[in-house]
Structure formats: structure tokens, C-alpha cells
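Fold and geometry: a report
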Amino acid sequence: LASEIRLRVESRTMDIRPRWTLPGAILLSLATACGGDESSGGGGGGNPKKVDACAIVTQTDAEQLFEVSATLGKPSGVVDPALIGECVWEWQDADANSRLLQFYVWEGEDRYIPNKNSTPFAIGEKGSIDVSGGLIGVDIQWLQAGKVADLSYFTYGDVPDELTKVDELKALALATATKLK
């Protein structure tokens, strides 16, 4: 299921962003892949604009939101040179119940593209929130200092619905904005 949710994010972004060749995709995935611990966070690749997204939205943040332990997930596979930070936190049990918290940072104001059901949210220079639920989950996006940040939370199965965590996700987004430079 987590891969289905990642596909939602990938298709949302890939439809509006340039596609790259396989060699470019491999290089970018190596540069942005999250490693095995909280500090790895998708930074690296020698790009000085890279953002250590997992140092901004931490395992502790995910565990507070999930109310259970969180592990570092796999990157979404989004291939875009403007993606300068990515962190995925997840939890799944033996019955395929799951929670997923994703944080992306894009370089460039043109990456600010709120979902069609979004409403304004006071964060950064301009922000939006989509609380559609379902495969959208709760999605907060904002523009800050020439970057676009996107914080999303999804649940599946017999766990508290993501819509019960809207206020907590808003608070996490506001705290995240203070850490994003």
C-alpha cells in the first residue's frame, strides 16, 4: 500500500515536472535516496542546495504523529533536479495497516502548485492545505525563501484516520517551517 501512496505523490508531481532519462534518474536517485538512519535524510550528492529533510522532519516527529514507532521509508522515486530534499517515515503492521509521513523540498517558486481542493493556510510566504482524505490524505504545501515544502500524512487500514490528525500536522508544518532555511 505504501507504494500505491507513493505512486500518488509521484504521479502528482511527475505530470507537472520534466521527465528525465534512465541515467539521469539513477544519478538523481543516488543523490536523494534516504539511507538507513535518521541523519541520512536524502541530502548529499554534492549539491550545496540539498536539504537534509530527515533532520527537519525527524523520526521523533513521525512517532509523535503516528503514536507508534516509525521507520525510515524508501524515497518516492520522483525524478526532478528541483527536488532538493525528501524524507519518508512509515509504520506498517502484519495486517497491512499503515501510516506514512512524507516531506519534500523543491527548489523554485514554480513548484508551488496547490491541489485543486486546497484552502489557504498561513505558513511561509503562502501556503495551502488539502484535507481531502483518501489517497490525498492531508497535504500541506508552502512557499518559503524560494523553496516549496510539502508535508503529507496518509493512513490505511484499521488505524486512526489521517483526518483526525489535521491539527497535529498543521503544528508540525509550522515547526518545520522554522527549521527550513
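Everything below is about the structure shown above.
None of these values were measured; they are calculated from a predicted model.

Taken as a whole and assessed by the stated rule, the structure comprises five salt bridges. Residue Lys 179 pairs with Asp 61 through a salt bridge whose shortest N-O separation is 3.7 Å. Here the residue Lys 179 occupies a position in helix α5 (residues 166-179), and Asp 61 occupies one in helix α4 (residues 59-66), the gap between them amounting to 118 residues. A relative accessible area of 36% places Lys 179 in the partly exposed class. With its nearest N and O atoms 3.1 Å apart, the salt bridge here joins Asp 80 to Arg 111. Remark: Arg 111 occurs in the loop between β3 (98-107) and β4 (119-120) and Asp 80 occurs in the loop between β1 (71-72) and β2 (83-92); sequence separation between them is 31 residues. Residue class for Arg 111 comes out buried when judged on its relative accessible area of 12%. One network of salt bridges, in which partners are shared, links Glu 67, Lys 165 and Glu 168.

Criteria and cut-off values
Residues numbered from 1 in each chain as written. Predicted model: local features only at pLDDT ≥ 70, side-chain atom pairs only at ≥ 80, totals over all residues. Heavy atoms only, no water. Salt bridge = Lys/Arg side-chain N within 4 Å of Asp/Glu carboxyl O. Helix = DSSP H or I, 4+ residues; strand = E, 2+ residues; numbered from the N terminus. Buried < 20%, exposed > 50% of the residue type's maximum accessible area, 1.4 Å probe, protein only.

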